[in-house]
Amino acid sequence: MLKILKKRQFKLLLACISLLVLLDLIQDTYAKYVSSASAEGDFSIASWAFVVNQQDVLANSDFSNTITPTFDVNSNIASGVIAPTSTGYFDITIDATDVGVSYDEVITLSNGEDNTVTDLVFTGYKINNDNNITSLNNVNTATISRTHLLTDQNRVTTYRFYIMWNDNSLTETMDNEDDTEASQDGVASVAVNINFIQNATGSIVTTTTAAVTPTPDPEPEPEPDPEPEP
């Protein structure tokens, strides 16, 4: 009888051990199905950074202090000033070395908000070291649109814009009295606005549009004196 009891206890112990092993296997199997994994991936974002005349325009968009006009030498006009018939130019250099996408740039030229010299006109422009000057036909406003592809090797562009105080009697809008007043209380200024727009398609656009400078109405010709009667 005692031998039978011990045999039953041994079987019960063996069953308990088997149950514990089975439970452990089930837990291990279950854990595999509820295990989770996580990660954070950092992606490099294409840079968007423009420097105009050595100024970061994203940090400070007003680059007025960087525009320095140069007037052509004229023995009849003092150096560094503008007067009727004066011609000259100013440069805008755009550095897109750190830009990581293709983009369009739209440059709008106009007279400054405080400008009182309405005969201050844009005569043309050239890009980098190109000797060819694109004519702007002596206008007060003009828009230039160009596409820069990511594959472009030259990422720095210098525009040279040519200006003139128009004194052509056929196209000027100021008479001699206006010119004299401008020399006393007038302001000659230009405005340059540059927009940079990502070009997602890579399609190339290069256009120049210019407004027509208004031409004053011609003075009526005097009627001839009537011939005396015989």
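Further up the page is the structure itself.
1. Here we look at the pattern of salt bridges
Thought 1: In the structure shown here, the tally under the stated rule is 2 salt bridges.
Thought 2: The partner of Arg 160 in a salt bridge is Asp 91, with the nearest N and O atoms 2.8 Å apart. In this pair, Arg 160 sits in strand β9 (residues 156-165) while Asp 91 sits in strand β4 (residues 87-95), placing the two residues 69 residues apart along the sequence.
Thought 3: Between Arg 146 and Glu 105 there is a salt bridge, and its shortest N-O distance comes to 4.0 Å. Here Arg 146 is found in strand β8 (residues 142-148), whereas its partner Glu 105 is found in strand β5 (residues 103-111), with 41 residues between them in sequence. The same class applies to Arg 146 and to Glu 105, which are both buried.

2. Section: unusual backbone geometry
Thought 1: For Asn 53, which is not a glycine, the phi torsion comes out positive at approximately 50 degrees.
Thought 2: Positionally, Asn 53 belongs in the loop between β1 (51-52) and β2 (55-56).
Thought 3: Judged by relative accessible area, which is 16%, Asn 53 ranks as buried.
Thought 4: Look at Asn 128: it is not a glycine, yet its phi comes out positive at around 55 degrees.
Thought 5: As for its placement among the helices and strands, Asn 128 is situated in the loop between β6 (120-127) and β7 (134-139).

Each value, and the rule that gives it
- Residues numbered from 1 in each chain as written.
- Predicted model: local features only at pLDDT ≥ 70, side-chain atom pairs only at ≥ 80, totals over all residues.
- Heavy atoms only, no water.
- Salt bridge = Lys/Arg side-chain N within 4 Å of Asp/Glu carboxyl O.
- Helix = DSSP H or I, 4+ residues; strand = E, 2+ residues; numbered from the N terminus.
- Buried < 20%, exposed > 50% of the residue type's maximum accessible area, 1.4 Å probe, protein only.

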